[in-house]
Amino acid sequence: MPLRPGRCYRRIDTPPYTRKEYIPGVPNSKITKFNFGTSKNSFEYRLDLVVTHLGQIRHNALESTRMAVHKILSSLGEENYYFKVRKYPHQVIRENKMMAFAGADRMQQGMRLSFGKPIGLAVRVKKGDVLFTVNVDEKFLPQVKEAFRIAQAKLPLETVVLVSKVKDGVHASESS
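All of the points below concern the structure found in this document. Counting from 1, residues in each chain are numbered in the order their sequence is written. Since the coordinates come from a predicted model, pLDDT governs what is reported: local features require at least 70, and pairs of side-chain atoms require 80 or more to be given and counted, while whole-chain, interface and lining totals use all residues. Hydrogens and water are ignored here; the side-chain numbers use all heavy atoms of the structure.

In this section: the sheet that holds strand 5 (residues 91-95). Across a sheet, strands are paired by hydrogen bonds formed along the backbone, either parallel or antiparallel in direction. In spatial order, the strands read 3-6-5; together these three strands make up an open sheet with antiparallel pairing. The sheet terminates laterally at strand 3 (55-58) and strand 5, the two strands that pair on one side only. Between one strand axis and the next, the sheet turns through 50 degrees on average, direction left out of account. A pair of strands counts as paired when DSSP detects no fewer than two bridges linking them. Starting at the N terminus, helices and strands are each numbered in turn, a helix being any DSSP run of H or I of at least four residues and a strand any DSSP run of E of at least two. Pairing analysis gives four bridges linking strand 3 to strand 6 (residues 117-125), with the strands arranged antiparallel. When the sheet's bridge partners are listed, Ile57 is paired in strand 6 with Val123. Only heavy atoms matter for contacts: two residues are in contact if any of them lie within 4.5 Å across the pair. Lines fitted to C-alpha atoms define the axes here, with helix axes fitted over just the stretch in contact, and angles between the N-to-C directions of these axes take values from 0 to 180 degrees. Lying on the sheet, helix 1 (residues 59-74) is in contact with strand 3 and strand 6; it crosses strand 3 at an angle near 65 degrees.

See below:
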């Protein structure tokens, strides 16, 4: 498997840590908006960005991916697509910060009490989980596929794009 960016926090190696009411200093999610475009229209196609491995995705990577996809989709016109972020970052990520300057060895505690302070949030995903969904008509399929191709490079886990044709509210799936 080729190395992907953001691989420091992609493994799930700790129990879930999600109870924000008990955790002081949890940063807010970078993702502020989850729905874009027009949800009222009925579109011909639905494209899903699906994860193929178990892992975590930091909220920074999700927001970066969302911005890249939305930048391309906004050129289609607000009424020509519906874009939805399907996952919310609940998992709190901790880091035991270490000092890196002269004399630091006399100041820090090393692994003693190394629980760590909250530094960010992440989404825990399983194989087959959908990260993003875009509904469009057939003439805009190439632009959305290009947007998802760019999005795949920004995520730490392998993903695939599933294209399905929507027919009377029910969609039949086909892989792309």
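Moving on from the coordinates now.
Okay, the pattern of salt bridges next. Salt bridge criterion: a side-chain nitrogen from Lys or Arg within 4 Å of a carboxyl oxygen from Asp or Glu. Tallying each qualifying case throughout the model produces five salt bridges. In this structure, the salt-bridge partner of Glu21 is Arg19, at a minimum N-O distance of 2.6 Å. We call a residue buried when its accessible area falls under 20% of the maximum for its residue type, exposed when it is over 50%, and partly exposed in between, using a 1.4 Å probe and counting protein chains only. On the basis of relative accessibility, which here comes to 54%, the residue Glu21 falls in the exposed class. The partner of Glu63 in a salt bridge is Arg66, with the nearest N and O atoms 2.7 Å apart. Here Arg66 and Glu63 lie together in helix 1, a separation of three residues that amounts to about one turn. Of the two residues, Glu63 and Arg66, neither departs from the other in class, the shared state being buried.

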